Amino acid sequence: MHRQTLAVWVLVITEPIGNFVEYCHLALIYRPEIFMKRHSKQAGFTIIELLVSMGLGLTLIAGAVNVFIQSNRSAQQDEQISIMLDNGRFIMRLVGRELAMAGYWGKYLDVATISEHASVNVGTDCGNGVDDWAMDLRGVEILNNVTTATVAANFNCLPSASIVAGSDILGIKRVADNETADGSIDGGTMYLRTNGAGAQLFMGGGAGTPPALGGDEVNWAYMPTIFYLRDYAVTPGDNLPSLCRAFLNSTSPPDMENQCLVDGVEDLQIEFGVDTDRDFVADYYTGSPTAAEMINSVAARIHILVRSVDSVPNYLNDKTYVLGTKNVAAANDSFYRRVFSTTILLRNPTNLTGLGA
Ligand SMILES: [Ca+2]
Ligand SMILES: [Ca+2]
């Protein structure tokens, strides 16, 4: 081999594999006869040419594999973020709407005068063992920064041992958005019947129902609901915290039943906007309202911390998230997170309907 030619090839094979393409390209430009002579003689390949070819091939394959891995990881990240954002938006709509409708009694305002028909009967309620929860008609309740003990003491239908400690629990009572005609009343469902002048709760299908109030009577399905966070999604220990609810089902008699709705919810914080001068504009917000502050609340802020359902390889989350007045540090893990916050006007302020707390 010519001395100059040999120098070029020694240079090529001693450089890192990643530079092979560039050097071979240069060799092709400045010494095309290197390739042409060999081909013209039809003398096969030398070991050096074979090594160069293999090096080039490996480089190309390595590049393709790298592109595939990157693209796969990117698709995985996109999917996790997309699910997380969908979950966050869904919760904002769901809880936001419940809060906005809290304390709605089918256009009947004087909740203190709502009576119970003899047919009313709740199976498993969610009281503290003394008072029933479902039939206590306050529009909104909050249990702030819960512990297993405070949940067990206040909501005995909830899985207190699996509650996400430090999150808030939100209780909401209201009737459905739409009326139910007499002919469409379901057995096992509880309704509020009102004629504008009075109102009574009754059980669908119960003896002597619907109660006769006289006048223009209308029925509204009763929908007490409690939102809370549980520290698992499907099986205890799966470490996928979830947003769950307890609601009054339609068994006979109806029970407070638990149901989980959204996976990957790590924190829920609610703050209430207190109106001190009766102009229906909140003067300050508090996450631990007193009974008097609850009565004068005209707005509520919802903050949730949503997490990707699966971890994302090679991602380190060392951020800190702000939920109102609470800071939450990510655990240096591989989950994406996002905070969602919104402010809801309480359309049925407790000070209008006379609800106490
Ligand atoms: Ca709180
Ligand atoms: Ca005000």
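Keep in mind the model is a prediction, meaning the values are calculated, not measured.

Caption draft 1: Molecular detail of the overall build of the protein. Looking only at helices and strands, one finds seven helices and 16 strands in the protein. With 357 residues in all, the protein has 32% of them scored as buried.

Caption draft 2: Layout of the environment of Arg307. Tracing the sequence through the fold places Arg307 in strand β13 (residues 297-307). A residue is classified by how many C-beta atoms lie within 10 Å of it, and Arg307, with 24 of them, is buried. Considered as a pair, Arg307 and Val339 are 32 residues apart in the sequence and their alpha carbons are 9.0 Å apart. Residues within four places of Arg307 in sequence aside, it is in contact with Met84, Gly264, Glu266, Phe335 and Arg337.

Caption draft 3: Structural context of the environment of Ser184. Inspection of the secondary structure puts Ser184 in the loop between β4 (175-180) and β5 (190-194). On the neighbour-count criterion, Ser184 (10 C-beta atoms within 10 Å) is exposed. Residues Ser184 and Gly204, 20 residues apart in the sequence, show an inter-C-alpha distance of 9.6 Å.

Caption draft 4: Fine view of the pairing of β5. β5 sits mainly inside the fold: five of its five residues count as buried. Residue alternation in β5 divides its side chains into two sets, Met190, Leu192 and Thr194 and Tyr191 and Arg193, and both sets are buried. As judged from the five bridges shared by β5 and strand β6 (residues 199-203), these two strands associate in the antiparallel manner. Paired with Leu192 across the strands is Leu201, a residue of β6. Between β5 and the antiparallel strand that follows it, β6, lie four residues; Gly196 among them carries a positive phi value of about 95 degrees. Across four bridges, the pairing between β5 and strand β7 (residues 218-222) is antiparallel.

Caption draft 5: Representation of helix α4 (residues 47-101) in the model. When the terminal C-alpha atoms of α4 are compared, their 81 Å separation across 55 residues agrees well with the 81 Å that a helix rising 1.5 Å per residue should span. For α4, the set of buried residues is Gly55, Gln80, Met84, Asn87, Gly88, Ile91, Val95, Glu98, Leu99 and Met101. Once α4 ends, the next one or two residues include Gly103, with phi positive near 80 degrees.

Caption draft 6: Broad picture of the confidence of the model for the protein. When pLDDT is averaged across the protein, the result is 88; 85% of the residues are at 70 or more. Averaged pLDDT values over the elements of the protein bottom out at 51 in helix α7 (residues 350-353) and peak at 98 in strand β8 (residues 225-230).

Caption draft 7: Fine view of the sheet that holds strand β10 (residues 256-263). Strand order in the open sheet formed by five strands is β2-β3-β8-β9-β10, with antiparallel pairing between adjacent strands. Two strands bound the open sheet, and with one partner strand each, they are β2 (140-143) and β10. This sheet shows a mean twist of 20 degrees between the axes of neighbouring strands, independent of strand direction. Across six bridges, the pairing between β8 and strand β9 (residues 242-248) is antiparallel. In the strand pairing of β9, Leu229 is matched with Leu243. The sheet strands contacting α4 are β3 (169-172), β8, β9 and β10, and the helix crosses β10 at an angle near 145 degrees.

Caption draft 8: Here's a closer look at the sheet that holds β5. Taken in spatial order, the five strands line up as β1-β6-β5-β7-β4 in an open sheet, and their pairing is mixed. Each edge of the open sheet is held by one strand with a lone partner, namely β1 (115-116) and β4.

Caption draft 9: Representation of unusual backbone geometry in the model. With an omega of -5 degrees, the peptide bond running from Thr209 to Pro210 counts as cis. Tracing the backbone shows Pro210 in the loop between β6 and β7. For the bond running from Ser252 to Pro253, omega is 0 degrees, close enough to zero to count as cis. Structurally, Pro253 is set in the loop between β9 and β10.

Caption draft 10: Representation of the environment of Val328 within the structure. Take Val328: it is sitting in strand β15 (residues 326-329). Since 18 C-beta atoms lie within 10 Å of it, Val328 is described here as partly exposed.

Rules used in this analysis
- Residues numbered from 1 in each chain as written.
- Chains lettered and ligands numbered in written order.
- Predicted model: local features only at pLDDT ≥ 70, side-chain atom pairs only at ≥ 80, totals over all residues.
- Helix = DSSP H or I, 4+ residues; strand = E, 2+ residues; numbered from the N terminus.
- Buried ≥ 20, exposed ≤ 12 C-beta atoms within 10 Å, placed from the backbone.
- Contact = placed C-beta atoms within 7 Å.
- Pairing = 2+ DSSP bridges.
- Expected span 1.5 Å × (residues − 1).
- pLDDT = per-residue confidence, 0-100.
- Axes fitted to C-alpha atoms, helices over the stretch in contact; angles between N-to-C directions.

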